[in-house]
Amino acid sequence: QVQLVESGGGLVQAGGALRLSCLASGSTFSSYTMAWFRQAPGKEREFVAAITWSGAGTYYPDSVKGRFTISRDNAKNTVYLQMNSLKPEDTAVYYCAAGWRTTNVLQQTNYDYWGQGTQVTVSS
């Protein structure tokens, strides 16, 4: 069993930056692909970023590529999402997810555990 707790959300002006953190419980964190998804009001949850269990591979959709960076610290059981140049359309609840050695990072059903989410609001 893995529990995920996100933090770092908040209100920021357009062009600003935030860093989200996701702390995972358990001793097998290093075997999980970690990802961030987001869900805006009235929209489906969408993929934002993923990092493989080794940290060697990172993945982003075009909407955030070049602005967001995912990283992990296996010694701290934590995955981060650095978000720069934020836009109002980035406003959403951001969720952390963990998938056991997941390789198809885009499929939400490949993730075994989810956090409760943290709100990010970008004002124009």
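Above this text you will find the structure in question.
Heads up: these notes are all about the structure in this document. (Residues numbered from 1 in each chain as written. Predicted model: local features only at pLDDT ≥ 70, side-chain atom pairs only at ≥ 80, totals over all residues. Heavy atoms only, no water.)

**Let's talk about the nonpolar core**
Nonpolar side chains in soluble globular proteins generally cluster together in the buried interior.
Now for step 1: Residues Leu4, Met34, Trp36, Val79, Leu81, Met83 and Tyr94 are the most contacted members of the largest nonpolar core, which totals 30 residues.
Now for step 2: For this core, the elements supplying multiple residues, two or more each, are β3 (18–24), β4 (32–39), β5 (46–51), β7 (68–73), β8 (78–83), β9 (92–100) and β11 (118–123).
Now for step 3: By size, the runner-up hydrophobic cluster in this structure holds 7 residues, among which are Ala35, Phe37, Val105 and Tyr111. (Core = buried A, V, L, I, M, F, W, Y, C linked by side-chain atoms within 4.5 Å. Buried < 20%, exposed > 50% of the residue type's maximum accessible area, 1.4 Å probe, protein only. Helix = DSSP H or I, 4+ residues; strand = E, 2+ residues; numbered from the N terminus.)

**Side note on the pattern of salt bridges**
Any two side chains of opposite charge can pair, on the condition that their charged atoms come close.
Now for step 1: Taken as a whole and assessed by the stated rule, the structure comprises 4 salt bridges.
Now for step 2: Of the charged contacts, one joins aspartate 90 and arginine 38 as a salt bridge, the two residues approaching to 2.9 Å between their closest N and O atoms. Of this pair, aspartate 90 sits in the loop between β8 and β9 while arginine 38 is found in strand β4, placing the two residues 52 residues apart along the sequence.
Now for step 3: What makes aspartate 90 buried here is its relative accessible area of 0%. (Salt bridge = Lys/Arg side-chain N within 4 Å of Asp/Glu carboxyl O.)

**Some details on the state of the cysteines**
Now for step 1: Within the structure shown, the criterion is met by 1 disulfide.
Now for step 2: Note on cysteine connectivity: cysteine 22 is disulfide-linked to cysteine 96, with sulfurs 2.1 Å apart. What sets the handedness of the cysteine 22 and cysteine 96 disulfide is the S-S torsion sign, and at about -80° it is left-handed. Of this pair, cysteine 22 sits in strand β3 while cysteine 96 is found in strand β9, placing the two residues 74 residues apart along the sequence. The residues cysteine 22 and cysteine 96 share a single accessibility class, namely buried. (Disulfide = S-S within 2.5 Å.)

**Section: the pairing of β3**
Remember that side chains alternate between the two faces of the sheet whenever the strand is regular.
Now for step 1: Counting buried residues along β3, 5 of its 7 residues qualify, which places the element largely inside the surrounding structure.
Now for step 2: Bridge analysis of β3 against β8 gives 6 bridges, and the strand direction is antiparallel. Across the sheet, the residue bridging to leucine 20 is leucine 81, located in β8. (Pairing = 2+ DSSP bridges.)

**A short note on the packing of aromatic side chains**
Now for step 1: In the structure shown here, the tally under the stated rule is 6 aromatic pairs.
Now for step 2: Here the aromatic rings of tyrosine 32 and tryptophan 100 are separated by 5.3 Å at their centres, their planes lie at 85°, and the arrangement is edge-to-face. Here tyrosine 32 is found in strand β4, whereas its partner tryptophan 100 is found in strand β9, with 68 residues between them in sequence.
Now for step 3: Classification of tyrosine 32 as buried rests on a relative accessible area of 8%.
Now for step 4: The partly exposed category is assigned to tryptophan 100, whose relative accessible area is 47%.
Now for step 5: When the ring of phenylalanine 37 is compared with that of tryptophan 114, the centres are 5.1 Å apart and the planes differ by 50°; the resulting orientation is tilted. In this pair, phenylalanine 37 is assigned in strand β4 and tryptophan 114 in strand β10 (residues 113–114), connecting sequence segments 77 residues apart.
Now for step 6: Every member of this aromatic cluster is reached through a ring pair, and the members are Phe37, Phe47, Tyr111 and Trp114.
Now for step 7: It is arginine 45 that lies over the ring of tryptophan 114; its NZ or CZ is 3.8 Å from the centre. (Phe/Tyr/Trp six-rings, centres within 6.5 Å; stacked < 30°, edge-to-face > 60°. Lys NZ or Arg CZ within 6 Å of the ring centre and 35° of its normal.)

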